[in-house]
Amino acid sequence: MKNLIIAEVHKLFKQGKTYYAIGAIFLIELIILFSAYSQGQSVLDILLDNLKKSFYFEGNLLNGNLLIYLILNTLWFHLPLILIIIISGSVTSEYKDRTLLSIMLQPISKWKFILSKYIVGILFTLVIVFFLAITSFLFSYGVFGQGDLIVYLDTLNFFEASDALYRIKHAFIFGAISMVFYSIVSITIAIILEETTKTWIAAAFFLIISNILLKVNFNNYFLDNWLYVKLTDTWQYLFYFEIPWGKIYWNTSLLIVYSAVTMIVGIIIFNKKDIA
Amino acid sequence: MRHFLILFYVLCFGYISAQDIDLDIIKIQKRTDTILEFSAEVKINVDISFVNIPEKSARIEYAKNEDTKVFSEDFVLIPKKGLDISLYQLFKNPFITVDRGTETRNLKTYKLINIIPTNKKADFSIATVLIDLDNSRVNEYEINTKKDGSYIVIMNYDKPSSILPSKIEVTFEIERIRIPLKYMGKDVQVNKEEYKSNEQKTGTIFLSFNYTDLVYNSFTK
């Protein structure tokens, strides 16, 4: 099993698209930094518009913490999309290049092989989120410095710099779990569809639908609290003024269960597949 | 002709009376005039339904006949109104007063005075002031500004002899929040009824002062 994981890591980092993905994340960060630099103040002006009549503002809100928060918002779509493409590719490329057939001719258990794909997919996702976090901290604090964070979530919430840092760090941790869920789903879709383009379309469709449904209020306790789409934005709860830790732990636990179930389903399907 | 002269006399007499400035206001004005400068550490708490902000600290510096300066290392919301604890803005322009009798607050009776600026430069049209006659100081005032709506300032003092308040509450009108949807994060619920309503909300700022470097001109403290 250990050798399978090492082999998968080797394959992942040998393929060029992995580096394209890392480059894309890096580029998205730079674009966000540039757009925040050029438009950040006007966004803040809109947010603070009706406070201007009653208050003067002392201090700078266009700072590193706001920038990292904006970068965190790539967790909605950009980052899972890139992860889906790379991670599902690790399975579909095996079908496409017919390397899967040669691997299966070896004395390797099918479930161990596909489990190693899932494990490497999860590890890769965590590494990418960690890379996103580190680079966003470096860029944002390096260019804009620290300061209080303003977030609009039903209310205008202001967080002191140290509190903002604490919340952002935890948002990356809980955001990583959501990203892991999407990665696992993409591998499972790849197992089912086998073909690269079909897998990308299906996985992107899954992501789009998830984002659309997230905004829908079902007015049903089960759907609003148990449906997977309502769990993938858990990191945003870190930016409520009072952090609802109970809700965060519940959502995260449930998402881990859904991820595990999706992975088990994928392993079962792969085990039953006739590779030849 | 006689009627005209009587009418002229009444109008002139009435006008002259209205130009009088209440003696208690003059006393308070003289008392606050003794403050030449001060600085203070201020704790700021904001109570607005759609704003969550932790307690903030700032330092204010006042020098007579100048606007109060505010310094802070953090981001702070500094109230446009209410930081005028020396009542400089209230007495800055020429004004007349109208005695409105008395009003009781917390079992204590205060004198009620209207201050009406006679100069167009004043940024308020009328102020209603509650005076503590025992201690010759203002305890509460409501100002109707020309541009920024009205606001009420309640001043609390730690000693009967204090001229400057130790705590201030500023209540003001504030428009409900209007943020374009594209700036809204996930999970933001739009309350349609609230969004359609034109009702103005009120906010309150609580300021507590710890004075340093108080410089007085003369005897009164």
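If you're wondering where the values come from, they're calculated on a predicted model, not measured in any experiment.

Conventions we followed
Residues numbered from 1 in each chain as written. Chains lettered and ligands numbered in written order. Predicted model: local features only at pLDDT ≥ 70, side-chain atom pairs only at ≥ 80, totals over all residues. Heavy atoms only, no water. Helix = DSSP H or I, 4+ residues; strand = E, 2+ residues; numbered from the N terminus. Buried < 20%, exposed > 50% of the residue type's maximum accessible area, 1.4 Å probe, protein only. Contact = heavy atoms within 4.5 Å. Phe/Tyr/Trp six-rings, centres within 6.5 Å; stacked < 30°, edge-to-face > 60°. Lys NZ or Arg CZ within 6 Å of the ring centre and 35° of its normal. Salt bridge = Lys/Arg side-chain N within 4 Å of Asp/Glu carboxyl O. Buried area = accessible area lost by both parts, 1.4 Å probe. Polar contact = N/O pair within 3.5 Å; in protein donor to acceptor, adjacent residues only side chain to side chain. Nonpolar A, V, L, I, M, F, W, Y, C, P; charged D, E, K, R; others polar. Pairing = 2+ DSSP bridges. 1 Å grid on protein atoms, 1.4 Å probe; cavity = no way out; pocket = protein on both sides within 12 Å on 5 of 7 lines; lining within 4 Å. Points joined across faces, edges and corners; volume = space filled by probe spheres on them. Expected span 1.5 Å × (residues − 1). Arc of directions from axis to C-beta.

Peer 1: Could you clarify how one ought to interpret the overall build of chain B in this entry?
Peer 2: Scanning chain B from terminus to terminus reveals four helices and twelve strands. By the burial criterion, 42% of the 221 residues in chain B qualify as buried. For chain B, restricting intrachain contacts to residue pairs at least 6 apart in sequence, the fraction spanning at least 24 positions comes to 52%.

Peer 1: Sorry if this is basic, but what is going on with the environment of A:F144 here?
Peer 2: Residues and elements named next belong to chain A. Relative to the assigned elements, F144 resides in helix α6 (residues 110-144). Separated by 113 residues in sequence, F144 and V257 place their C-alpha atoms 39 Å apart. Those residues in contact with F144 that lie beyond four places of it in its chain are L33, Y37, L62, N63, G64, L67 and F139.

Peer 1: Even after reading the chapter, I still don't get the packing of aromatic side chains, so can you show me in this structure?
Peer 2: The way to describe two aromatic rings as a pair is by their centre distance and the angle between their planes. Residue and element names in this part refer to chain A. What the rule picks out here adds up to 26 aromatic pairs over all chains. Pairing F159 with F241 gives two aromatic rings, centres 6.0 Å apart and planes at 20°, and the pair type is stacked. Here the residue F159 occupies a position in strand β3 (residues 155-159), and F241 occupies one in the loop between α9 (221-226) and α10 (245-272), the gap between them amounting to 82 residues. Look at F241 and you get partly exposed, because its relative accessible area is 24%. An aromatic cluster is built from F181, Y182, F206 and Y228, whose rings are joined through pairwise contacts. The lysine or arginine in question, K110, covers the ring of F270, its NZ or CZ lying 5.9 Å from the ring centre.

Peer 1: I would appreciate a short explanation of the pattern of salt bridges in the present structure.
Peer 2: One side chain can pair with another of opposite charge once the charged atoms of both are near each other. All names here are of chain A. For the structure on display, the rule yields 16 salt bridges over all chains. Of the charged contacts in the structure, one is a salt bridge between D163 and R167, with a shortest N-O distance of 3.1 Å. Of this pair, D163 and R167 both sit in helix α7 (residues 161-193), four residues apart, roughly one helical turn. What makes D163 partly exposed here is its relative accessible area of 27%. Across the pair E194 and K273 runs a salt bridge whose closest N-O atoms are separated by 2.5 Å. Here E194 is found in the loop between α7 and α8 (196-214), whereas its partner K273 is found in the segment after α10, with 79 residues between them in sequence. Judged by its relative accessible area of 32%, E194 is partly exposed. Overall, the relative accessible area of 18% leaves K273 in the buried class. Here the residues in one salt-bridge network are E8, K11, E94 and K117, joined through shared partners.

Peer 1: What exactly am I supposed to notice about the interface of chain A and chain B here?
Peer 2: In this assembly, 34 residues from chain A lie in contact with 38 residues from chain B. Carbon and sulfur atoms make up 60% of the surface buried where chain A meets chain B, a total of about 3400 Å² over both sides. Across the chain A-chain B interface, the total number found is eight residue pairs in polar contact (both at pLDDT 80 or more). The set of elements that each furnish at least two residues to the side of chain A that touches chain B consists of α2 (16-47), β1 (55-58), β2 (149-153), β3 and α8 of chain A. In the side of chain A that touches chain B, the residues fall into 17 nonpolar, nine polar and eight charged. Sheet topology note: the β3(A)/strand β2 (residues 51-52) of chain B ladder contains two bridges and is parallel. Paired with A:L156 across the bridge in β2(B) is B:V51.

Peer 1: I'm lost on the layout of surface pockets in this one. Help?
Peer 2: One way to see where empty space is left: roll a probe the size of a water molecule over the atoms. Taken as a whole, the second largest pocket encloses approximately 460 Å³ of empty space. Lining of the second largest pocket is provided by 22 residues; of these, A:Y56, B:D67, B:P79, B:K80 and B:Q89 occupy positions nearest its centre. At the level of elements, β1 of chain A together with β5 (76-79), α3 (88-91) and β9 (137-145) of chain B are the ones that each hand at least two residues to the lining of the second largest pocket. Residue composition of the lining of the second largest pocket, by class: twelve nonpolar, three polar and seven charged.

Peer 1: Would you mind going over α8(A) with me for this structure?
Peer 2: One full turn of an α-helix is made of 3.6 residues, so residues set three or four places apart face in the same direction. Residue and element names in this part refer to chain A. With 19 residues, α8 extends 27 Å from end C-alpha to end C-alpha; this agrees with the ideal 27 Å at 1.5 Å per step. Considered for burial, the residues of α8 that qualify are T196, T199, A203, A204, L207, S210, N211 and L214. Along the long axis of α8, the arc covered by the buried residues comes to 125°, so they all point the same way. Exposed side of α8, more than 90 degrees from the buried face: I201 and F205 are the residues found there. Buried residues along α8 sit against α4 (78-96) and α7.

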